[in-house]
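Each chain is listed here by its residues.
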Amino acid sequence: MVKKELIPMHKLISLSEAKKTLSLNEKVGQFFMPAAFINDTEAEIQNLEKIIGENGIGSICFFHSRASAATNYEGKKEVVYNAKSLERLKQLIDRYQRASKIPLLIAIDAEWGLAMRIEETPQYPYALTLGAINNNPELIKQVGLNIGLDCKKAGIHWNLCPAVDINNNAENPVIGYRSFGDNPKEVYKNAMAFIQGMDKSGTLNSIKHFPGHGDTAVDSHLGLPRIDKSKAMLLQNELYPFKNLIENGVDSVMVGHLAVPALSMSETQSATLSKALITGFLRNELGHKGVVITDALNMHSVSKLYADEGQLEWEAFDAGNDVLCFAEHTLAGIQKIIEKAPSERIENSFERIWKLKEKAFATQVKEIIPVDYKFLLGELAIATLTVVKGNESQLPEFYEVGFEAVQIGTTKQNHFAEALFGHTSNKEKVVIGIFPPQMKPQHNFGLTENDITKINELIENKEAAVYLFGNPYALLLINWQKAAMVV
């Protein structure tokens, strides 16, 4: 006997028809975005299938594993490498879609490509690197298009980016390299180009982390950052890209976990839980009509606030959020919202989410061939090269008379080392390649005290050309002003 394949209901009926069949419980279920993990066990996968199938879940957000950065705050769990993550992702998307009565929106954080979560997939430059491109929005648009096409090919509809935070705090432990830079107008222009590229691919966007997470020194995964600035200052800086992008139209806005008293009217309340900030300011004052989504609700800055299961989900919804990302208490949260929320409020959020879902599934994008990945990376490498001090004409002189080449921060062979080693006829000149092991500022970007001392001694005692391959804020660790050339 041939086993008949079970065909999900949403494969048989249209979204408009499915909409008519939803119960109140299933409508509220559309507000929930549980986390899905590519490297979960079979038991964990079946549990999520059950939650999706029984509660009308609207969307899921994929992470690499339960040991990945979004959930493993203290870094105590080992993140296991899985070369087949992409294949596994596609299999799980199919399973979860089959478990759902209506199509799920599949989301992921792919700020610099699927490689942010998935091994063996294209990785594009970080936003901070893209911010170094001068007057070439088409190149940034191409990056957005390529990333969007990668998402679509994998079965992902919603890329929860770009981050449009202003990078105005060198000690920021969680934004930094994820920002397009420290100039509000440039951040807006670059983010707009990136969004236009993703939109061309048919991939949904979400600007984050409203109202701006750049000028903070606390990681909101661990604690609640606070920004003590006036509303006028915020509008000139942090809010500038958000305001202008909203005026141009965005699919969604993600609210960050940070206290902003000038907007929330509270000294300690997270933006994600502030009705004054979301409903009053973001919706009524800035005029955002689309979906509002929380940052992950499992983050320690908010996850420990309420002992009663479902209360956090209710507070976030009551504040004005439509989608509850990484909600950990789905069943209890659904019941809290049904018990407490006015029917009009439920309908308003449901309609916004449904409209987004219709856009995702109705978008017919003609076949687009992405720019070759390696070719695009080459173009980006040239366009993002930034001379901080000196000029490129100085380097030929180094070649003519010879120099010593030094590589710091890595022992791996790379194109820089291959091109420069062997020019040791002149010990008075030195070309220093700095490869900070990490992009985040903690622990000096991974550079040791010996590394920093050696760099400074070379700069002090020789004519030095310094090449930094990493976060530009690492220059603050060395006496780069004394170098002959800094790139």
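It should be noted that the structure appears before, not after, this text.
Scope of this entry: the structure provided in the associated data block. What you are looking at is a predicted structure, and each value in this text was computed from that prediction instead of being measured.

1. Side note on the packing of aromatic side chains
Here comes step 1: Per the counting criterion, the structure on display carries 19 aromatic pairs.
Here comes step 2: On the numbers, 5.3 Å between centres and 65 degrees between planes, the contact of F416 with F469 is edge-to-face. Highlighted residues: F416 in helix α18 (residues 415-420) and F469 in the loop between β12 (463-468) and β13 (485-486), separated in sequence by 53 residues.
Here comes step 3: F416 gets classed as buried once you look at its relative accessible area, which sits at 10%.
Here comes step 4: Among the aromatic residues, those joined into a ring-pair cluster are F416, F435, Y467 and F469.
Here comes step 5: A cation sits over an aromatic face here: K27 above F350, 5.0 Å from the ring centre.
Here comes step 6: Over the aromatic face of F317 sits the side chain of R345, whose NZ or CZ is 3.8 Å from the ring centroid.

2. A look at the pairing of strand β3 (residues 59-63)
Here comes step 1: Taken across its five residues, β3 has five buried, putting it largely inside the fold.
Here comes step 2: Residues of β3 alternate between two faces, with S59, C61 and F63 on one and I60 and F62 on the opposite face, all of them buried.
Here comes step 3: Handedness of the β-α-β unit built from strand β2 (residues 35-37), helix α3 (residues 42-55) and β3 comes out right-handed.
Here comes step 4: Note: β3 against strand β4 (residues 105-108), four bridges, orientation parallel. By the bridge assignment, F62 is partnered in β4 with I108.

3. Some points on the sheet that holds β2
Here comes step 1: The strand order β2-β3-β4-β5 describes an open sheet built from four strands, whose pairing is parallel. Sheet topology places β2 and β5 (158-159) at the edges, where each strand pairs with a single neighbour.

4. Considering the nonpolar core
Here comes step 1: By size, the foremost hydrophobic cluster in this structure holds 108 residues, and its most contacted members are F62, Y96, W158, F210 and I337.
Here comes step 2: Sorting elements by how many residues they give to this core places helix α7 (residues 184-201) first, with eight residues.
Here comes step 3: Within the second largest apolar cluster, 19 residues are counted, among which are I408, I432, F445 and A474.

5. Quick word on the environment of L468
Here comes step 1: By secondary structure assignment, the location of L468 is in strand β12.
Here comes step 2: Residue classification places L468 among the buried positions, given a relative accessible area of 15%.
Here comes step 3: Along the primary structure L468 and Q123 are separated by 345 residues, whereas in three dimensions their C-alpha atoms are 19 Å apart.
Here comes step 4: Apart from residues no more than four positions distant in its own chain, L468 is found in contact with I434, P436, A474, L475 and V487.

Parameters and conventions
- Residues numbered from 1 in each chain as written.
- Predicted model: local features only at pLDDT ≥ 70, side-chain atom pairs only at ≥ 80, totals over all residues.
- Heavy atoms only, no water.
- Phe/Tyr/Trp six-rings, centres within 6.5 Å; stacked < 30°, edge-to-face > 60°.
- Helix = DSSP H or I, 4+ residues; strand = E, 2+ residues; numbered from the N terminus.
- Buried < 20%, exposed > 50% of the residue type's maximum accessible area, 1.4 Å probe, protein only.
- Lys NZ or Arg CZ within 6 Å of the ring centre and 35° of its normal.
- Right-handed = clockwise from strand over helix to strand, strands pointing away.
- Pairing = 2+ DSSP bridges.
- Core = buried A, V, L, I, M, F, W, Y, C linked by side-chain atoms within 4.5 Å.
- Contact = heavy atoms within 4.5 Å.

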